[in-house]
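Per-entry structural report
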Amino acid sequence: MLISRLRSSARPGKPAARRWMVTLALLTLGRADAVPLPGSLPDHPTIRLGNTLTDQGNPSALSGPASGNVVQPDVLFTPGQVALVALSLMAAFLIWHRLLRKQARTRISALEDRVSARTAELIRSEAQLRATLDNTPNIAVQWYDAAGRVTYWNPASEKLYGWRSEEALGKTLDQLIFTPEATADFRRRMLLAHLQRCPQGPYEVRLHTRDGQMRWMLSTLFTIPLEDNRLGYVCMDTDITERKLAEESLRASEEKLRGLYELAPLGIALTDMDGRYIEFNEAFRVICGYPADELTDIDYWTLTPKEYRHEESLQLESLKHSGRYGPYEKHYRRKDGSLVPINLNGRLVHGPDGREYIWSIVEDISKRKQGEAKLQLAASVFSHAREGIMITNAAGVIVEVNDTFSHITGYSNAEALGKKPSFLHSGRQGQAFYAMMWAELISKGYWSGEIWNRRKDGREFAEMLTISAVHDGDGRIQNYVALFTDITAIKEHQQQLEHIAHYDVLTGLPNRVLLTDRLQQAMLQCERHATSLAVLYIDLDGFKAVNDRYGHDLGDQLLIAVANRLKDTLREGDSLSRIGGDEFIAVLVDLNQAGDFEAVVERLLRATSNPVTIDQIPLQVSASVGITLYPDDQADTDQLLRHADQAMYIAKQAGKNRYHVFDVGRDAAVKVRFENIERIRLALDQGEFCLHYQPKVNLRGGEVVGAEALIRWRHPEQGLLAPALFLPHIDNHPLCVALGEWVVTTALSQIRAWAAVGVHLTVSVNIDAFHLQQADFPARLAALLSAFPDVSPTALELEILETSALQDMAAVIDTMHACRRLGVQFALDDFGTGFSSLTYLRRFPAEILKIDQSFVRDMLEDPDDLTIVKGVIGLATAFKRLVIAEGVETLAHAEVLLENGCELAQGYGIARPMPADRFYEWLTTRSLDAVWTAWLNSAKQSIAPAAEAPQSTTRATDIRTDS
């Protein structure tokens, strides 16, 4: 226990006290031999008591037998010894404690002296600092505590911000000079200064004064230590508002100059004395035609053509002596090799580096050069133009004329200047003419037309004149420019041409042009006075023979004589003209009745047929006359002449020396046909036609063996039209060929579409006789088939009328053979309605005969029709042809046909023609009614097939319905 207490009292860090205590305890116990020498006692000593070692770090070693580690000492202490030791230790402790207090008082006294000295030093330093800051005129200094409250506000701050020191002390930042944004930034910088222990700034900030003015400050913020380990903050502000304003002004000025520099239309470039480009604006780059990155890699001499080298040397000498060069004109060679004219001037400048540079101003003068060229050209044109040119001012006073003006008018430049153009007036045009001319000139800005003026010698001349108003930039009229050409000779020639253009040179009669004009006037008179007129087309009979026999000279004399006779037969007011050769036209006007023209025509025929003696040669001709009457013939002038011409040909064909009146009704029918043809042509172009398909059925088995394609017209106004309503209009017309080829093409397209869904049928189309008889029919058919290579030609069947095949037997047979070689089949349609020649039937390469529906439909009531049907079936059997009946409308028709050996049929009783989509639906749904289905099933069993009837090899689709 004693040793443990000694150990605990001898704490580390107090080695002297510990040594004293241990020494005292050992001496008291009489163990001087164990007293450690000075400096020999370790921080953790091992104390030997007799022969016993006690581990100071293990007090439990002396705790008794229970510890299990008891070591018996060599010497046992008595109670008196223990008490003595305790008293000794207490005395030692008191002595030691007094020593410590004395040392502490000594140290505290020394520390207080040092603190007092330091405090005095700080007070002196603070006084000096405050004195310094108070006398700093241009630096505003503020001290803040950690909360941002002002603790010091120097006089410079008072002057700068307007707040007195006593007003500012204790206030926060945002109450004095800081905006919300500046306050937030200041607090951020306070935090950084505290954390980083380094000044913040200098930085620029905008603060406001007491009167609300905003000022720019250059601020620096740093920390200072305060009492109790607190930190204060010092902010030093310098007013840089004037500098900022100057900088802003300088920046604005620089931006303005930069903008002018970049946007200037003139090229501006800076080069060194070697001609290398240091800086340039966009206008200069555009003038040179180089990209900016390439322009910096070339020099002035790259842009300068060689022919300017001498001039450039002189300009450089001027630059060295006077500091300037130019302005002078030259060319730059652009990157693409083209030359651009420029005006160049510049001056010498010194750079910040002391070196010499050249600022150059480059103006692209291409437009100016072009303008100068135009002006030169205009001046040349003005001087050398073959048109007279006269320029007046806005008041109409002549200010300039060219040489051609003087040549045409005879007035010199000096004689014309200062006068008004009216001194040239001839008097042919009145005041109304000139008033209209000036009104148009003022409203439109120009006037053009013909005018007659008078030359200096008094002769009149015609001119083609154009006057244009020239306006200034404000839109006011500045000048009038008149260009004129002398057209006197043209006008005289025009008069001659007009006579030639309106009159026949040989007879002096009006020609067709003048006749048309007179005819139009006469038609207007008829409308106003409710009268009629007759147009007579006269052609001489036998004139060609006279002309060929006696020559053109004698023929011309005959024409003159006949023309004079014709004029003598006409009434006053009637017109006669020669339109060419031996053809004349007469217009008889003021006819009150349709027959009033007959007497005149009779006189005309007699006068024409009377003999004429020319050069003692008796000559005789006659006339064929065609007549049309207006307004019975409601046509225009050209059509009236054509109608009279048509009537004349009829008169000539009827025997000549007679007249024929145009049939208006027949012509109307021709017009209607023409209109119908054109409407059908338009329908074909606009896709208004479509095909309907009627199935062909084997009556015995119910299979569909084919379909007939029948054209329909989806008329936009009249609805769906059957072919009988429009095909007759194009009978024997080339349009039927185009329509037939459309039908073939559409049918082939439908065959391909059905085949794609598994329906394989032969489709027959009707071919018009005119179409079939075209010489290129086989070639055109081959071309149509070649457009559908995936369609077998055997799937196409051509139906032709028996009557059309008989028109040109040999040609038709050759055409049919050529088509069969392509793989196409033929059927004779409406068989029995023509001649039904056995010879023709034997020669025709047609596989199928179609019994006309008129016989099939009436065969149940008319024995003759039934006989014809049986005859056709017999012929087909004899000539080994297939036979199909049209017009099957009832089961009775089907039974009679089967009984007589005809198994193939089509008709409304089976199915009506239908569009392709409905045909496919009908085909796939097997939509025969129950009666037909029952009949077909019984027909298969009860009616035996004809022994000799050939069987169709056409692929079929079963249409029987399931019962």
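Since we're looking at a predicted model, the values are computed, not measured.

Quick look at the overall build of the protein chain now. Helix and strand counts for the protein chain come out as 34 helices and 35 strands. Of all 963 residues assigned to the protein chain, the portion counted as buried reaches 41%. Put simply, 55% of the contacts in the protein chain that link residues at least 6 apart link residues at least 24 apart. Carbon and sulfur atoms provide 54% of the accessible area of the protein chain, an area that totals close to 52600 Å².

A cis amide bond, omega 0°, links Gly326 with the succeeding residue Pro327. Mapped onto the fold, Pro327 is located in strand β10 (residues 324–333). In this chain, Tyr630 is followed by Pro631 through a cis amide linkage whose omega measures 15°. Mapped onto the elements of the fold, Pro631 is located in the loop between β23 (622–630) and α22 (637–653). If you check the backbone angles, Asn732 has positive phi at about 60° while not being a glycine. Of note, Asn732 is situated in the loop between β27 (719–721) and α24 (735–756). In this structure Asn732 comes out as exposed when scored by relative accessible area, which is 52%. Backbone geometry at Lys880 places phi at a positive 55°, although glycine is not the residue there. A relative accessible area of 67% places Lys880 in the exposed class.

This part is about the sheet that holds strand β3 (residues 140–144). Within a sheet, neighbouring strands are paired by backbone hydrogen bonds and run either parallel or antiparallel to one another. Pairing is antiparallel in the open sheet, where five strands are placed in the order β4-β3-β7-β6-β5. In this open sheet, the two strands that pair with only one neighbour each are β4 (150–153) and β5 (200–208). In this sheet, neighbouring strand axes are inclined to one another by 30° on average, regardless of whether the strands run parallel or antiparallel. Relative to strand β7 (residues 231–239), β3 runs antiparallel, the two being bridged by five bridges. Bridge pairing in β7 links Val141 to Met236. Packed onto the sheet, helix α8 (residues 241–263) meets β5, β6 (214–225) and β7 and runs at close to 130° relative to β6.

Our focus in this paragraph is the side chain of Glu688. For Glu688, the position within the fold is in the loop between α23 (664–685) and β25 (689–698). Accessibility expressed as a relative area gives 10% for Glu688, which makes it buried.

Another aspect to go through is the environment of Pro716. If you trace the backbone, Pro716 turns up in the loop between β26 (703–715) and β27. Taking the C-alpha atoms as reference, Pro716 lies 8.1 Å from Glu688; in sequence the two are 28 residues apart.

Now for the confidence of the model for the protein chain. On average, residues of the protein chain score 82 in pLDDT, and 84% of them are at 70 or above. Highest mean pLDDT in the protein chain belongs to strand β28 (residues 762–766) (95); lowest belongs to strand β35 (residues 957–958) (38). Counting contacts from residues 943–963, a segment whose pLDDT is below 50, to residues more than four positions away or on other chains yields 58 contacts.

Counting through the fold element by element, Thr488 comes out in helix α17 (residues 488–502). Look at Thr488 and you get buried, because its relative accessible area is 13%. For the pair Thr488 and Trp452, spaced 36 residues apart in sequence, the C-alpha separation works out to 9.0 Å.

On the surface, a nonpolar cluster with roughly 290 Å² of combined accessible area is contributed by Leu497, Ile500 and Val505. Along the polypeptide, Leu497 turns up in helix α17. For Leu497, a relative accessible area of 41% puts it in the partly exposed group.

Relative to the 18 Å expected for 13 residues at 1.5 Å per residue, helix α28 (residues 809–821) spans 18 Å between its end C-alpha atoms, a close match to the ideal helical length. Gly823 lies just past α28 and shows a positive phi near 105°.

The subject of this paragraph is the packing of aromatic side chains. Evaluated as defined, the whole model comprises 25 aromatic pairs. For the ring pair Tyr277 and Phe284, a centre distance of 5.2 Å and an interplane angle of 50° mean the geometry is tilted. You'll find Tyr277 and Phe284 in the same group, each marked buried. Each ring, one from Phe433 and one from Tyr434, has its centre 5.3 Å from the other, and the planes form 85°; the classification is edge-to-face. The pair Phe433 / Tyr434 is uniform in exposure class, with both members buried. Taken together, the ring pairs connect Tyr277, Phe280, Phe284, Tyr300, Trp301 and Tyr332 into an aromatic cluster. Positioned above the aromatic ring of Trp163, the side-chain terminus of Arg210 is 4.4 Å from the ring centre.

Both β10 and strand β11 (residues 339–350) contribute to a ladder of eight bridges, which runs antiparallel. Among the inter-strand pairings, Lys330 is bridged to a residue of β11, identified as Ile342. Connecting β10 to the antiparallel partner β11 that follows it, the hairpin turn spans five residues, and Gly337 within it adopts a positive phi of roughly 95°. Judged from the nine bridges that link them, β11 and strand β12 (residues 356–364) form a sheet pairing that is antiparallel. Paired with His350 across the bridge in β12 is Glu356. Counting the residues between successive antiparallel strands, the hairpin from β11 to β12 contains five residues, one of them, Gly354, with a positive phi of roughly 85°.

The final tally for this structure, using the stated rule, is 46 salt bridges. The salt bridge involving Glu166 is made with Arg164; its shortest N-O contact spans 3.0 Å. Where Glu282 meets Arg285, a salt bridge forms, and the shortest distance between an N and an O atom there is 2.7 Å. Linking Glu282 with Arg285, this pair stays in helix α9 (residues 282–288), spanning three residues, or about one helical turn. Using a relative accessible area of 37% as the deciding quantity, one classes Glu282 as partly exposed. Several salt bridges converge on common partners, so that one network encompasses Lys696, Glu708, Glu797, Glu799, Lys850 and Glu886.

Let us now look at helix α21 (residues 597–609). Counted at 1.5 Å a residue, the expected span for α21 with its 13 residues is 18 Å, and the 19 Å between its end C-alpha atoms agrees. Taken as a whole, α21 has its buried residues at Phe597, Val600, Val601, Leu604, Leu605, Ala607, Thr608 and Ser609. Against β18 (532–541), α20 (552–569), β20 (583–591), β23 and β24 (659–661) lie the buried residues of α21.

Attention now goes to the sheet that holds β20. Here five strands make up an open sheet; going across it, the order is β19-β20-β18-β23-β24 and the pairing mixed. Whereas interior strands pair on both sides, the edge strands pair on one side only; in this sheet they are β19 (575–580) and β24. Each adjacent strand pair in this sheet contributes to an overall mean axis angle of 20°, direction not counted. In terms of strand pairing, β18 meets β20 through seven bridges, oriented antiparallel. By the bridge assignment, Asp539 is partnered in β20 with Glu583. Lying over the sheet, helix α18 (residues 512–529) contacts β18, β19, β20 and β23, oriented at roughly 150° with respect to β18. Running over the sheet, α20 touches β18, β19 and β20 and is turned about 155° from β19.

We now examine the packing of α20 against α21. With their axes 9 Å apart at the nearest point, α20 and α21 run at an angle of 155° to one another. Viewed along their axes, α20 and α21 adopt a mutual orientation that is roughly antiparallel. Between α20 and α21 the crossing geometry is right-handed. Counting all contacts with α20, which are made through Val562, Arg565, Leu566 and Thr569, the residues of α21 involved are Val600, Arg603, Leu604, Ala607 and Thr608. Residue classes in the contact of α20 with α21 are distributed as five nonpolar, two polar and two charged.

Parameters and conventions
- Residues numbered from 1 in each chain as written.
- Predicted model: local features only at pLDDT ≥ 70, side-chain atom pairs only at ≥ 80, totals over all residues.
- Heavy atoms only, no water.
- Helix = DSSP H or I, 4+ residues; strand = E, 2+ residues; numbered from the N terminus.
- Buried < 20%, exposed > 50% of the residue type's maximum accessible area, 1.4 Å probe, protein only.
- Contact = heavy atoms within 4.5 Å.
- Areas by Shrake-Rupley, 256 points an atom, 1.4 Å probe, with all protein chains shown as cover.
- Pairing = 2+ DSSP bridges.
- Axes fitted to C-alpha atoms, helices over the stretch in contact; angles between N-to-C directions.
- pLDDT = per-residue confidence, 0-100.
- Patch = residues over 30% accessible without salt bridge, like charges linked within 9 Å, V, L, I, M, F, W, Y side chains within 5 Å.
- Salt bridge = Lys/Arg side-chain N within 4 Å of Asp/Glu carboxyl O.
- Expected span 1.5 Å × (residues − 1).
- Phe/Tyr/Trp six-rings, centres within 6.5 Å; stacked < 30°, edge-to-face > 60°.
- Lys NZ or Arg CZ within 6 Å of the ring centre and 35° of its normal.
- Parallel < 35°, antiparallel > 145°, perpendicular 65-115°, else oblique.
- Left-handed = near helix turned anticlockwise from the far one by under 90°.
- Nonpolar A, V, L, I, M, F, W, Y, C, P; charged D, E, K, R; others polar.

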